[in-house]
Structure formats: structure tokens, C-alpha cells
Amino acid sequence: MSPRQITVLGECVADAFAEPASTSNELALRVLPGGGPANTAVALARLGTPARFLARLSGDVFGRLFRAHLEASGVDLSSAVQAAEPSTLAVAELDAEGQAAFSFHAQNTADWQWTAEELARVDLSEAACVHTGSLALVQRPGAEAVEEFLAQAAPRATISIDPNVRPLLVHPEVYRARLAHWCALADILRLSEDDLALLLPGTPPEQACDIWHAAGARLVVITRGADGVLASLDGERIQVPAVATTVVDTVGAGDSFTAGLLHHLGVHGLLGGRLTELRLDDVAEACRFAVRVAALTCSVPGPNPPWRSQLAQLATADGA
């Protein structure tokens, strides 16, 4: 089955990584297009799902980089806004395990200036799913317009949310205050174990799933790095192991996982409503596919998700 369109809303961020410089008193930065929602849109398109990205793209040097990257991956930018404001910059420092800590340069940048008028022009008649999250849901002044857009989209499309908490830019309490409302809007809540620790400190993952189910989310998926995935569908749980890989860094791995999950559900005709036909076996298959997508993303520098042909090569190498 050919998957229907998935619309992704959110930021595109310039991810800057330090590289060796020629002298000790300078810093060389390698800039890659990133941002959680943009990474997800790119991964969806590369996997073969028609992906439309609702973004506010600056005309600056970073914005031009974003546009070229997204279009080269096959992302539909027909509804993107040409923004006058500058792009958002994130500077990443990697630890010995390839985990990235970001510092953000994001004040008054293009990504957060959504208006109700801009979003009212978006046609969702072809969208099976609307995915958003990360900073677009919490950064003012656009956050309220994004939430209202989700509420208007919910009657006709599956809603997927990834909180992607960024505590250095927005205090976790801001996310906590809105999370129950997001769960009331969302059919799918995907988050990392780091997000869980910030949103519900000290809460076991199974208990957290039940809290979010009670708030309205039917499918809750918690990714736990090398420990795999916990997925909960209306309280029925399944754990899926991670795929072994040589980790270069983990930047964009969660976004790629989300794309893999949504792509697999879409290919099997399970998106487009309230997940009423979804069963736990379907969730397990989608998670197994998604961890392969995430593993390939971890095996290369930066947020560079795989193309569908690379997944086929991995399956052949694994004997699958």
C-alpha cells in the first residue's frame, strides 16, 4: 500500500559541530541542517512517505541550506513560509558516547513566529497524519497557534507529538504544564527516556504510560537508546530491542525513529484517524522497523537519516 501524506510542523535548526581548527585561538564549526521536526520530515521522505513540512524558513544563509537539504530529500515545501526573521542556531558538543548537548541561539528567530493566519492557509485534506513537537509547541508567540492548528486537524488526521524537551532553552515546567493538553490532542506520543526524566522525574516508564493514556494518548512510545523501546497501546505493553550498530553520534536518532514508526503505520493503512484498527502486533512491527532506521542514523555523523534503499541493504546484510 502506498502511504498517504504526513504533514510535519516545526523548526529547522542549524546544528553546528566543533571541528579541529588550524590554531588554538579559533573554533571551526561544521554546520548541518537539523531540528527535530525537520529531521523527521526528511526521514519520512527518504523512506518513501509523501512528507510535507510546515516551516518558517529564513532567507539567510542557513535558511537557504535548509531549503536545499529538504528539497534534495524530497520534502514538499509548498506550504512553508518565507520568513524575514533569522534562522535558529544550535551548537552541539558531543560526549564520548556520541550524545549531544546543545546550546541554542534562538531568540526572535523565524521558527517561533507562527500566526493563526499562516496556519489557516494550510490544506489538510490529503494528510493522514500531522506530526509536531519540540520547541514549536512551547516557544512563544507561535505555540498557541500551533496548538490550535492541531485541534483543528484532529478530526481528519492522526495526531503525533514528540515533546523533545530542551531544558537549556525552555524550562521543563513549561512542557509539564502543557503535556496533558497535548495528550488530549494526540493519538501518538513518542518521547525519549531523557524526556521522561524531565517531564515526570522518578516515575517508572510503565506508570508514565498509564498517566499519558489517561490524558488521552492511545499509543505511547518511549525510546531508551541501547536498551530499546517500550511501547504501550491503551495499557498493553511491548518491548522491542535496539539494533546493534557502531555509534558515530546519536543526533537525530529519535527523530528518525519517529519517522520510521509513522512510515510503517502509514504503509499499512493505520493512520488517518484515531488508531481504532491498531493492534499491539502492529505496534511491535512498526517499532522493529523504526529501530533499524534509528540505528542507521546513529552510524553516520549528524542528523542524516537513511534512504529506503539503505534499509534494504541492511536487511540483506542481516539475512532478513
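Up top is the structure these notes are about.
Reading the values: rules and limits
Residues numbered from 1 in each chain as written. Predicted model: local features only at pLDDT ≥ 70, side-chain atom pairs only at ≥ 80, totals over all residues. Heavy atoms only, no water. Helix = DSSP H or I, 4+ residues; strand = E, 2+ residues; numbered from the N terminus. Buried < 20%, exposed > 50% of the residue type's maximum accessible area, 1.4 Å probe, protein only. Contact = heavy atoms within 4.5 Å. Areas by Shrake-Rupley, 256 points an atom, 1.4 Å probe, with all protein chains shown as cover. Lys, Arg positive; Asp, Glu negative; His and termini not counted. Charge placed at Lys NZ, Arg CZ, Asp CG, Glu CD. Pairing = 2+ DSSP bridges. Axes fitted to C-alpha atoms, helices over the stretch in contact; angles between N-to-C directions. Right-handed = clockwise from strand over helix to strand, strands pointing away. Salt bridge = Lys/Arg side-chain N within 4 Å of Asp/Glu carboxyl O.

Student: Tell me about the overall build of the protein chain, and name the residues and values.
Tutor: A count of helical and extended segments in the protein chain gives 10 helices and 14 strands. In terms of its C-alpha atoms, the protein chain occupies a principal-axis envelope of roughly 55 × 50 × 40 Å. Relative to its full complement of 320 residues, the protein chain shows a buried share of 55%. Considering only contacts in the protein chain between residues 6 or more positions apart, those separated by 24 or more positions represent 71%. Of the roughly 13500 Å² that the protein chain leaves accessible, carbon and sulfur atoms contribute 51%. If you average the places of the 22 positive and of the 37 negative side-chain charges in the protein chain, the two averages end up 5 Å apart.

Student: Go over unusual backbone geometry with me, naming the residues and quoting the values.
Tutor: A cis amide bond links R140 to the next residue, P141, at an omega of 10 degrees. Note that P141 resides in the loop between β9 (127–133) and α4 (143–153). A positive phi angle, near 60 degrees, is found at N108, a position not held by glycine. In this fold, N108 is placed in the loop between β8 (100–105) and α3 (116–120). One non-glycine residue, D234, lies in the positive phi region at around 50 degrees. Looking at where D234 falls in the secondary structure, it is placed in the loop between β13 (229–233) and β14 (236–240).

Student: Now, about the sheet that holds strand β2 (residues 13–19): what can you tell me, with residues and values included?
Tutor: Taken in spatial order, the four strands of this open sheet run β3-β2-β7-β8, and their pairing is mixed. Single-partner strands in this sheet number two, and they are β3 (28–34) and β8. Going across the sheet, the axis of each strand differs from the next one's by a mean of 30 degrees, ignoring polarity. Alignment of β2 against β3, held across seven bridges, turns out to be antiparallel.

Student: I'd like a description of the pairing of strand β4 (residues 51–54), backed by residues and values.
Tutor: Neither face of β4 is open: one carries A51 and F53, the other R52 and L54, and all of them are buried. Bridging between strand β1 (residues 5–9) and β4 involves four bridges; their strand directions are parallel. Within β4, the residue paired with V8 across the bridge is F53.

Student: Outline the sheet that holds strand β12 (residues 219–223), supporting the account with residue identities and numerical values.
Tutor: Read from one edge to the other, the open sheet built from eight strands follows the order β4-β1-β9-β10-β11-β12-β13-β14, with strand pairing classed as mixed. Each end of this open sheet is capped by a strand with a single partner; those strands are β4 and β14. Neighbour-to-neighbour, the strand axes of the sheet open up by a mean angle of 15 degrees, direction not taken into account. Across five bridges, strand β11 (residues 188–192) lies against β12 in parallel orientation. Following the sheet pairing, L189 is matched in β12 by V220.

Student: Let's hear about the pairing of β11: which residues, and what values?
Tutor: In terms of burial, β11 is largely enclosed, as five of its five residues are buried. Burial of the side chains of β11 extends over both faces: I188, R190 and S192 are buried on one face and L189 and L191 on the other. Sheet topology places strand β10 (residues 158–162) next to β11; two bridges connect them, and they run parallel. Following the sheet pairing, I161 is matched in β11 by L189. Regarding the hand of the β-α-β motif, the stretch spanning β10, helix α5 (residues 172–185) and β11 is right-handed.

Student: So what's going on with the pattern of salt bridges? Residues and values would help.
Tutor: Evaluation of the coordinates by the stated rule reveals eight salt bridges. The closest approach of N and O atoms between E118 and R56, which form a salt bridge, is 3.1 Å. With E118 in helix α3 and R56 in strand β5 (residues 56–58), this pair connects stretches of sequence that are 62 residues apart. A relative accessible area of 14% places E118 in the buried class. One salt bridge in this structure joins D162 and R190, with 2.9 Å as the shortest N-O distance. In this pair, D162 is assigned in strand β10 and R190 in strand β11, connecting sequence segments 28 residues apart. Assigned by exposure class, D162 and R190 land together as buried. The network of salt bridges with common partners includes R56, E85 and E118.

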